[in-house]
Amino acid sequence: MEIEAAVEKLLKLSPSVRVVTICDLKGKLVYSARSKKVSILVSKKQSLASLKAAAYDWNQRKKLLRTLGACKYVVAEYDKVKRIVIPAGKNHILYVTTTAAFDHNKVVRKVRSFK
């Protein structure tokens, strides 16, 4: 599935999906889109730093692969948003933000349905 199409499907999943981003495992932005209905909560600098941190953390989780198995996804819940990080192939992660009240399992199920 093309990256843009996958991102658009996730954005259309619910008005609660705020931003969908794909980055490589060094935190380099590959593609990002946001719902037109949301206000930006963090600066571009903060957003890029968060991507780098998510990529770094994902790489650290790979070290536990033999012991715990593959990490399926990670959710961080803040007062205002949830951040969901899901692997996208071997070399990328999908970084999705939603409203805090949104059921993150809907995003996880949608991503798993992608071919």
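Heads up: the structure comes first, above all this text.
So, here is what we can say about the structure in this document. (Residues numbered from 1 in each chain as written. Predicted model: local features only at pLDDT ≥ 70, side-chain atom pairs only at ≥ 80, totals over all residues. Heavy atoms only, no water.)

1. Observations regarding the overall build of the protein chain
To be explicit about the condition: Helix and strand definitions follow DSSP, with helices as H or I runs of at least four residues and strands as E runs of at least two, each counted in order from the N terminus. For a compact globule the rule gives 2.2 Å times the number of residues to the power 0.38, and the radius of gyration it is set against comes from C-alpha atoms. Burial here depends on accessible area, computed with a 1.4 Å probe over protein chains only, as a share of the maximum for the residue type. Under 20% is buried, over 50% is exposed, and the range in between is partly exposed. A 1.4 Å probe and the Shrake-Rupley method give the accessible areas. Residues count as covered only by the protein chains that appear here. Positive charges come from Lys and Arg alone, negative charges from Asp and Glu alone, with His and the N- and C-terminal ends not counted. By convention, the point assigned to a charge is CZ for Arg, NZ for Lys, CD for Glu and CG for Asp.
Check the secondary structure of the protein chain and you find four helices and five strands. Listing the helices and strands of the protein chain from first to last along the sequence gives α-β-β-α-α-β-β-β-α. In terms of overall size, the protein chain behaves like a compact globule, its C-alpha atoms giving a radius of gyration of 13 Å where 115 residues would be expected to give roughly 13 Å. For the protein chain, the spread of C-alpha atoms along the principal axes amounts to about 40 × 30 × 25 Å. Here the protein chain holds 115 residues, and 38% of them are scored as buried. Surface summary for the protein chain: the accessible area is close to 7500 Å², and the carbon and sulfur share equals 54%. For the protein chain, the separation between the mean place of its 25 positive charges and that of its 8 negative charges on side chains is 3 Å.

2. Considering the packing of helix 1 (residues 3–13) against helix 4 (residues 104–113)
The condition that has to hold: Angles shown run from 0 to 180 degrees and are taken between the N-to-C directions of axes, each axis being a line fitted to C-alpha atoms and, for helices, limited to the stretch in contact. The scheme is simple: roughly parallel for angles under 35 degrees, roughly antiparallel for over 145, roughly perpendicular for 65 to 115, oblique for anything else. Helix crossings are classified by the rotation of the near helix relative to the far one: an anticlockwise turn of less than a right angle makes the crossing left-handed, while a clockwise turn makes it right-handed. The contact criterion used throughout is that any non-hydrogen atoms of two residues lie within 4.5 Å. The residue classification treats Ala, Val, Leu, Ile, Met, Phe, Trp, Tyr, Cys and Pro as nonpolar and Asp, Glu, Lys and Arg as charged. All others, Gly included, are polar.
For the pair helix 1 and helix 4, interaxial distance at closest approach is 10 Å and the crossing angle is 150°. Here helix 1 lies roughly antiparallel to helix 4, going by the angle between them. Our pair here, helix 1 against helix 4, has a crossing hand that is right-handed. Contacts between helix 1 and helix 4 involve Lys9, Leu10 and Leu13 on the former and, on the latter, Lys106, Val107, Lys110 and Val111. Of the residues in the contact of helix 1 with helix 4, the class split is four nonpolar, no polar and three charged.

3. Focus: the nonpolar core
Applied cut-off: Put simply, buried Ala, Val, Leu, Ile, Met, Phe, Trp, Tyr and Cys residues joined by side-chain atoms within 4.5 Å make one nonpolar core.
Leu10, Val20, Leu94, Val96 and Val107 are the most contacted members of the largest nonpolar core, which totals 17 residues. Every element with two or more residues in this core is listed here: helix 1, strand 1 (17–24), strand 4 (81–87), strand 5 (92–99) and helix 4. A per-element tally of this core places helix 1 first, with four residues. With near-sequence residues (within four places) excluded, Val20 lies in contact with Val7, Leu10, Leu11, Tyr31, Ser32, Ala33, Leu94, Tyr95 and Val96. If you look at the next biggest cluster of nonpolar residues, it comprises ten residues, including Ala54, Trp58, Val74 and Tyr95.

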